[in-house]
Amino acid sequence: MRIKAIALTLALSAVLMLGACTISEEQLAEKVKSAIVDDEKANNRQLEVTEFDLGQKQGTQYKSVLKGKLDGQEVIYDMVITDEGNDFDVDWDKRR
């Protein structure tokens with residue numbers, strides 16, 4: 001009985017630890033938006049995001065589109081976001 005209790009405790013701990021390493025899609029979307037806005041700000045440009053959605057997930061990647069205004073001009077970014085659990089990688093290209 002004691003071995004079962006220890007095994008169950010270890011199993012629950014592992015599940016909780018794995019769950020703590022992942023973030024929700026909403027959190028991922030906010031982090032991606034912030035990263036792009038911060039990158040443009042570092043290049044002395046102001047980006048106002050008007051529309052963004054992660055899009056559909058394929059494996060660990062999302063193919064997304066972000067729309068906004070960069071220094072007052074309409075801009076669209078095509079993005080590929082790789083979800084790495086508690087971290088992410090974003091590749092983006094400015095369409096216009």
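For the structure, check the block above.
This structure is a prediction, so every number in the text was calculated from the model and none was measured. (Residues numbered from 1 in each chain as written. Predicted model: local features only at pLDDT ≥ 70, side-chain atom pairs only at ≥ 80, totals over all residues. Heavy atoms only, no water.)

Things to note about unusual backbone geometry
- In this model, N44 sits at a positive phi of 60 degrees, which is unusual for a non-glycine residue.
- Considering the arrangement of structural elements, one finds N44 in the loop between helix 2 (25-42) and strand 1 (47-53).
- The backbone of D71 sits at a positive phi, close to 50 degrees, despite the residue not being glycine.
- Positionally, D71 belongs in the loop between strand 3 (61-70) and strand 4 (73-83).
- The class for D71 is partly exposed, based on a relative accessible area of 48%. (Helix = DSSP H or I, 4+ residues; strand = E, 2+ residues; numbered from the N terminus. Buried < 20%, exposed > 50% of the residue type's maximum accessible area, 1.4 Å probe, protein only.)

Considerations on a negative patch on the surface
- Among the surface-exposed residues, E84, D87, D89, D91 and D93 lie close enough to one another that they form a single negatively charged patch.
- Position of E84 relative to the elements: it lies in the loop between strand 4 and strand 5 (88-94).
- A relative accessible area of 46% means that E84 is categorised as partly exposed. (Patch = residues over 30% accessible without salt bridge, like charges linked within 9 Å, V, L, I, M, F, W, Y side chains within 5 Å. Areas by Shrake-Rupley, 256 points an atom, 1.4 Å probe, with all protein chains shown as cover. Salt bridge = Lys/Arg side-chain N within 4 Å of Asp/Glu carboxyl O. Lys, Arg positive; Asp, Glu negative; His and termini not counted. Charge placed at Lys NZ, Arg CZ, Asp CG, Glu CD.)

Thoughts on helix 2
- Across its 18 residues, helix 2 extends 25 Å between first and last C-alpha, which sits within 8% of the 26 Å expected from 1.5 Å per residue.
- Within helix 2 the residues assigned to the buried category are L28, A29, V32, I36 and E40. Angularly, the buried residues of helix 2 cover 105 degrees about the axis, an arc narrow enough to put them on a single face. With respect to the buried face of helix 2, the exposed residues turned more than 90 degrees away are E26, K41 and A42.
- If you follow the buried residues of helix 2, they end up packed against strand 1, strand 3, strand 4 and strand 5. (Expected span 1.5 Å × (residues − 1). Arc of directions from axis to C-beta. Contact = heavy atoms within 4.5 Å.)

Considering the environment of G55
- One can find G55 in the loop between strand 1 and strand 2 (57-58).
- Beyond its immediate chain neighbours, meaning those up to four positions away, G55 contacts Y62, K63 and S64.

Examining the pairing of strand 3
- The alternating pattern of strand 3 places Y62, S64, L66, G68 and L70 on a buried face and Q61, K63, V65, K67 and K69 on a face that is not buried.
- Where strand 1 meets strand 3, six bridges bridge the pair, whose relative direction is antiparallel. Residue pairing across strands places F52 opposite L66, the latter belonging to strand 3.
- Sheet topology note: the strand 2/strand 3 ladder contains two bridges and is antiparallel. Residue K57 lies in a different strand from strand 3, and its bridge partner there is Y62.
- Note: strand 3 against strand 4, ten bridges, orientation antiparallel. Pairing of L66 across the sheet is with Y77, part of strand 4.
- Counting the residues that bridge the hairpin from strand 3 to strand 4 gives two residues, and of these D71 lies at a positive phi of roughly 50 degrees. (Pairing = 2+ DSSP bridges.)

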